Amino acid sequence: MPGVHDSPNAWVAEHIRRFEETGGRPRPGMNDLLLTTRGRKTGERRRTALVYARDDDRYVLAASNRGSEHHPAWYLNLLADPYVTVQVGTDTFTAYARPATADERPHLWRLMVSALSEYAAYQQRITREIPVVLLEPVPK
């Protein structure tokens, strides 16, 4: 995508490349999407690949940072500018991103753990609560 900087993490950059080569299906049986945020410091567009779950028409993400004590950059970016670009398969759309409320989080966290069981292990080994994010498509 022109004007977009892919994640500097080699594993994530490779995942983005596979996503593009396979029409959005880099890992059969896994729901992956590409999320583009605006950098909170640079203003540049930043892209990463993430696992998602669905909750009706919303997409759900976990800001796990693979079990790091620090929030991932993409999460901090969307807190600063919640309008993001999402690619699922070959479809691209604008969404409004927001952290789940305390009431929403338990249900959405269960969805994410069922999508990728490693999230539960990540949460057990760190002290920060892993944020759950909702992506709500913006009507065209």
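Keep in mind the model is a prediction, meaning the values are calculated, not measured.

(A) Structural view of the overall build of the chain. If you tally the helices and strands in the chain, you get four helices and eight strands. Along the chain direction, N to C, the helices and strands of the chain fall in the order β-α-β-β-β-β-α-β-β-α-α-β. Its C-alpha atoms give the chain a radius of gyration of 14 Å, within 12% of the compact-globule value 14 Å for 140 residues. Based on the C-alpha atoms only, the size of the chain along its principal axes is roughly 40 × 35 × 30 Å. Considering the chain as a whole, with its 140 residues, one finds that 45% of them fall into the buried category.

(B) The arrangement of a nonpolar patch on the surface in detail. On the surface, a nonpolar cluster with roughly 270 Å² of combined accessible area is contributed by Y83, Y96 and V138. Here Y96 is to be found in strand β7 (residues 91–99).

(C) Structural view of the nonpolar core. If you look at the biggest cluster of nonpolar residues, it comprises 18 residues, and the most contacted ones within it are L33, L35, L61, W74, V86 and L135. Where this core is concerned, the elements lending two or more residues are β2 (32–38), β5 (58–62), α2 (73–80), β6 (83–88), β7 and β8 (132–137). Residue contacts for W74: discarding those within four places in its chain leaves L35, T37, T48, L50, L61, A62, A63 and V133. Grouped together as the second largest cluster of nonpolar side chains are 16 residues, L108, L116, I130 and V132 included.

(D) Just unusual backbone geometry, in detail. The phi torsion at D56 lies on the positive side, around 60°, for a residue other than glycine. Turning to its location among the elements, D56 is positioned in the loop between β4 (53–55) and β5. At R66, a residue that is not glycine, the phi angle is positive and equals roughly 55°. Note on placement: R66 falls in the loop between β5 and α2.

(E) Molecular detail of the pattern of salt bridges. Counted by the stated rule, this structure contains 13 salt bridges. The salt bridge involving E44 is made with R46; its shortest N-O contact spans 3.0 Å. Under the relative-accessibility criterion, R46 is labelled partly exposed at 31%. For the salt bridge of R98 with E104, the shortest nitrogen-to-oxygen distance reads 2.8 Å. Each of D55, R58, R98, E104 and E136 takes part in one network of salt bridges that share partners.

Quick notes on the rules
Residues numbered from 1 in each chain as written. Predicted model: local features only at pLDDT ≥ 70, side-chain atom pairs only at ≥ 80, totals over all residues. Heavy atoms only, no water. Helix = DSSP H or I, 4+ residues; strand = E, 2+ residues; numbered from the N terminus. Rg over C-alpha atoms; globule rule 2.2 N^0.38 Å. Buried < 20%, exposed > 50% of the residue type's maximum accessible area, 1.4 Å probe, protein only. Patch = residues over 30% accessible without salt bridge, like charges linked within 9 Å, V, L, I, M, F, W, Y side chains within 5 Å. Areas by Shrake-Rupley, 256 points an atom, 1.4 Å probe, with all protein chains shown as cover. Salt bridge = Lys/Arg side-chain N within 4 Å of Asp/Glu carboxyl O. Core = buried A, V, L, I, M, F, W, Y, C linked by side-chain atoms within 4.5 Å. Contact = heavy atoms within 4.5 Å.

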